[in-house]
Amino acid sequence: MHEERGVLALLRHRNYMLYWFGFLVSNAGAWIQSVAQGWLVYDLSNSAAWLGTVGFVRAFPLIFLSLIGGTVADRLPKRRILYVTQTVQMISAALLGTLTLLGHIQVWHVVLLSAVSACAQAFDQPARHALVPHLVPRHNLHAAISFNSIAFNGAALFGPSLTGVLVPLIGFAGCFYVNAVSFVAVFIALALMEFPPHAPGGGKTSMLEDLRAGLSFIGHNQVILALISMAAVTSFFARPYQQFITVFARDVVHGDVGTAGLMQAAPALGTVIFMLAIASATNIQWKGKLLLGAGILFPASLIAFSWSTNLYVSLALLVLVGGLNMTWQTTLNTLLQTNVGDEMRGRVMSAYTMTALAMMPLGQGPMGMAFDYLGPSLALTLNALIALAWTVYMGLIRVKAIRTLP
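Each value, and the rule that gives it
- Counting restarts for each chain: residues are numbered from 1 in the order of the written sequence.
- Reporting of local features is limited, given that this is a predicted model, to residues whose pLDDT is at least 70; pairs of side-chain atoms are given and counted only at 80 or more, and all residues count toward the totals for whole chains, interfaces and linings.
- Only hydrogens and water are set aside when side-chain values are computed; all heavy atoms of the structure are taken into account.
- Aromatic pairs are defined between Phe, Tyr and Trp rings, using the six-membered ring for Trp, whenever the two ring centres lie within 6.5 Å; interplanar angles under 30 degrees are classed as stacked, those over 60 as edge-to-face, and all others as tilted.
- Only DSSP runs of H or I with at least four residues qualify as helices, and only runs of E with at least two residues qualify as strands; both kinds are numbered from the N terminus onward.
- Residue burial is assigned from relative accessible area. The probe radius is 1.4 Å, only protein chains are included, and a residue is buried under 20% of its type maximum, exposed over 50%, and partly exposed in between.
- Multiply 1.5 Å by the residue count of a helix minus one, and that product is the helix's expected span.
- Counted as a polar contact is a pair of N or O atoms within 3.5 Å, where, for protein atoms, one must be capable of donating a hydrogen and the other of accepting one, and residues adjacent in sequence contribute only when both atoms are in side chains.
- The patch calculation keeps residues exceeding 30% relative accessible area without a salt bridge and links them within 9 Å when they carry like charges or within 5 Å when they are nonpolar (Val, Leu, Ile, Met, Phe, Trp, Tyr).
- Accessible surface area values rest on a Shrake-Rupley calculation with a 1.4 Å probe, where residue burial reflects the displayed protein chains alone.
- Throughout this description, the term salt bridge denotes a Lys or Arg side-chain nitrogen within 4 Å of a carboxyl oxygen of Asp or Glu.
- Where helices are involved, their axes are fitted lines through C-alpha atoms of the stretch in contact, as for all axes, and angles between N-to-C directions lie from 0 to 180°.
- Angle categories are assigned with fixed cut-offs, so that under 35 degrees is roughly parallel, over 145 is roughly antiparallel, 65 to 115 is roughly perpendicular, and the rest are oblique.
- Throughout, a contact is declared for two residues whenever any of their heavy atoms are within 4.5 Å.
- Residue polarity is assigned by list, with Asp, Glu, Lys and Arg as charged and Ala, Val, Leu, Ile, Met, Phe, Trp, Tyr, Cys and Pro as nonpolar; anything else, Gly included, falls into the polar class.

(A) Structural context of the packing of aromatic side chains. Taken as a whole, this structure holds 10 aromatic pairs when the rule is applied. Ring plane angle 85° and centroid distance 5.0 Å describe the contact between Trp20 and Phe21, whose orientation is recorded as edge-to-face. Between Phe248 and Phe371 the ring centres are 5.8 Å apart and the planes differ by 85°, which places this aromatic pair in the edge-to-face class. You can see Phe248 sitting in helix α9 (residues 245-252) and its partner Phe371 sitting in helix α14 (residues 359-374), a full 123 residues away along the chain. Accessibility expressed as a relative area gives 1% for Phe248, which makes it buried. The exposure class assigned to Phe371 is buried, which follows from its relative accessible area of 4%. Cluster of aromatic residues (ring-pair linked, three or more members): Phe244, Phe248, Phe305 and Phe371.

Right, here's the structure in full:
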């Protein structure tokens, strides 16, 4: 029997499309807040190091809580987890808006509330990742994960651009309130979705034993361990560039908050183009080679962007950077999902969360200081070269089996 694949196949899965539209709206709000918050922090501090610090503090909850979050995702109903995590993030955005509206906002407030949101994401992300295989058949999983990226980065396509319009109209506080309201879309989607009966992965063992079992599984699986290490290094050294687009917008191409919005939207355009291509593909049998190609070309294109002083050239390069970055992420995510069973998926994806998500903000702190001392172009180039070298070493020299993954 012919297995229907691609975007049209995804449209037939009601639960998945509810999930997708809910997070599309929420992600748009998150991007609006991200651009407004970055510009506000840079205005308050006039320091790239403080921009990095806001991201840096997000790393610690993701590092120390993600594995626990993955264990919880294997044991508890995922809808219940997502209700709680989305509520915490909504309240955090509303508090940020209120402090800004009242004129009491300080950089340390932004740092603290960013840490609170990261605590929620440490539980949110493993549950969200582990939920997707239950919403679509296995043969549609790569397309579904790619389409998820469109929800996140498609929102980034218009969310940052809207920020340049919204800030003069409703101020920074209004942008934060818009993000808080956007979480309602997720609550509606979760309420309408029909979930299968929950089958807890923990069973008769304790949470600590489950956690140890997950770490043991990862440690003894050479390919899984290599993929997670690649996620960690690239996320620490290359992906933090997004936090510093404000620096390039203001100090390199000499623009304003509207320019920053356009530059934030450019990688999202690349993501949408690349992810539509992947999601529309009937079947990609060479995911290992696709992972390595994107993992090499992403930092290479980032180096080219770092030396551009022309806005239009920078925008074009950022389109390429965004598309390659997300191709790498979604392919790595798919390879992890398809190489583990349901009973271990939450814990493996929590390790991915800890690397792909936690290492990115952790790298923002050192990168911010490097920007201040070395300048943005040289600092970004050195970081991208390290990510490039590690991908070549792990994928082409150390664990050659990655190249043959289907």
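From this point, things continue past the structure.
(B) Fine view of helix α3 (residues 48-75). For α3, which comprises 28 residues, the first-to-last C-alpha distance of 41 Å matches the rise-based estimate of 40 Å (1.5 Å per residue) to within 8%. Capping the start of α3 is the job of one residue whose side-chain oxygen sits 3.1 Å from the backbone nitrogen of Ala49: Ser47.

(C) Highlighting a nonpolar patch on the surface. Judged by side-chain polarity, Trp307, Met369, Tyr373, Leu374, Leu378, Leu382 and Leu385 come together as a nonpolar surface patch covering roughly 770 Å² of accessible area. If you list the elements that add at least two residues to the nonpolar patch, you get α14 and α15 (376-398). Position of Leu374 relative to the elements: it lies in helix α14. When its relative accessible area of 44% is taken as the criterion, Leu374 is described as partly exposed.

(D) Geometry of the packing of helix α7 (residues 207-220) against helix α8 (residues 222-237). Remark: α7 packs on α8, axes separated minimally by 5 Å, with the N-to-C direction vectors making an angle of 95°. In terms of orientation, α7 lies roughly perpendicular with respect to α8. Residues Ile218, Gly219 and His220 of α7 lie in contact with α8, whose contacting residues are Gln222, Ile224, Leu225 and Ile228. When grouped by side-chain class, the residues that make up the contact of α7 with α8 number four nonpolar, three polar and no charged.

(E) Structural detail: the environment of Ile245. Following the sequence through the fold, Ile245 ends up in helix α9. The class for Ile245 is buried, based on a relative accessible area of 0%. The spatial distance from the C-alpha of Ile245 to the C-alpha of Pro406 is 35 Å, given a sequence separation of 161 residues. Non-local contacts of Ile245, meaning those with residues more than four positions away in its chain, are made with Ala260, Met263, Gln264 and Pro267.

(F) Summary view of helix α5 (residues 107-131). An ideal rise of 1.5 Å per residue puts 36 Å on 25 residues; α5 measures up with 35 Å between its terminal C-alpha atoms. Of all 25 residues that make up α5, 20 are buried, and the element is covered over most of its length.

(G) Representation of the side chain of Thr391 in the model. Checked against the element boundaries, Thr391 lands in helix α15. Classification of Thr391 by relative accessible area gives buried; the value is 1%. Excluding residues that lie within four positions of it along the chain, Thr391 makes contacts with Met230, Thr234, Leu292, Gly295, Ile296 and Leu396.

Any functional reading would require information that these geometric values do not contain.
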